[in-house]
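# Descriptive structure summary
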Amino acid sequence: QRPALCRCGDWQGAAAALERGTRRGLFKRGVGLTSGVIARTALIKGYFDCSRSMMQARELFKKMEDETKEEARPNTRTANTFLRGCLLYGAVDDAQALLTRMEEGADSGTQAACAPDASSYE
């Protein structure tokens, strides 16, 4: 539902749905963690595409990076979504900083779920 809301331009509805799911604990364990990452990735894209808010996208991405459970942190698709948004809005420093973190994590074996792929360099 959340991706559909963003695609229809209703990023506020998507944010509200995500908040309701978070309050109900739907994204705390098991497949819910993965669903939470997918939902948050869609909302980051919605923030860039619909609300035109780099600040909201940045805040949500940072919140995901700060998650204690690795499965709830940004995956490569989430990171690539954020990278594209950064470039769209001219936030080259944000994009470069994220790409550096992704590369360093891949080199050190940490944050393997967020290693860069070919799309990260497009």
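Below or above, wherever it landed, is the structure these notes cover. (Residues numbered from 1 in each chain as written. Predicted model: local features only at pLDDT ≥ 70, side-chain atom pairs only at ≥ 80, totals over all residues. Heavy atoms only, no water.)

Let us now look at the packing of helix 4 (residues 54–65) against helix 5 (residues 76–88). Viewed as axis vectors pointing N to C, helix 4 and helix 5 meet at an angle of 155°, and their least axial separation amounts to 11 Å. With respect to helix 5, the axis of helix 4 lies roughly antiparallel. Considering only the axes of helix 4 and helix 5, their crossing is left-handed. Residues Met54, Ala57, Arg58, Phe61 and Met64 of helix 4 lie in contact with helix 5, whose contacting residues are Thr78, Ala79, Phe82 and Cys86. (Axes fitted to C-alpha atoms, helices over the stretch in contact; angles between N-to-C directions. Helix = DSSP H or I, 4+ residues; strand = E, 2+ residues; numbered from the N terminus. Parallel < 35°, antiparallel > 145°, perpendicular 65-115°, else oblique. Left-handed = near helix turned anticlockwise from the far one by under 90°. Contact = heavy atoms within 4.5 Å.)

Overall, the coordinates contain 5 salt bridges when judged by the stated rule. In this structure, aspartate 94 and arginine 58 form a salt bridge, with 3.0 Å as the shortest nitrogen-oxygen distance. Here the residue aspartate 94 occupies a position in helix 6 (residues 92–108), and arginine 58 occupies one in helix 4, the gap between them amounting to 36 residues. The exposure class assigned to aspartate 94 is partly exposed, which follows from its relative accessible area of 24%. Looking at arginine 58, the relative accessible area reads 35%, which means it is partly exposed. With its nearest N and O atoms 3.8 Å apart, the salt bridge here joins glutamate 122 to arginine 84. Of this pair, glutamate 122 sits in the segment after helix 6 while arginine 84 sits in helix 5, and the two are 38 residues apart along the sequence. (Salt bridge = Lys/Arg side-chain N within 4 Å of Asp/Glu carboxyl O. Buried < 20%, exposed > 50% of the residue type's maximum accessible area, 1.4 Å probe, protein only.)

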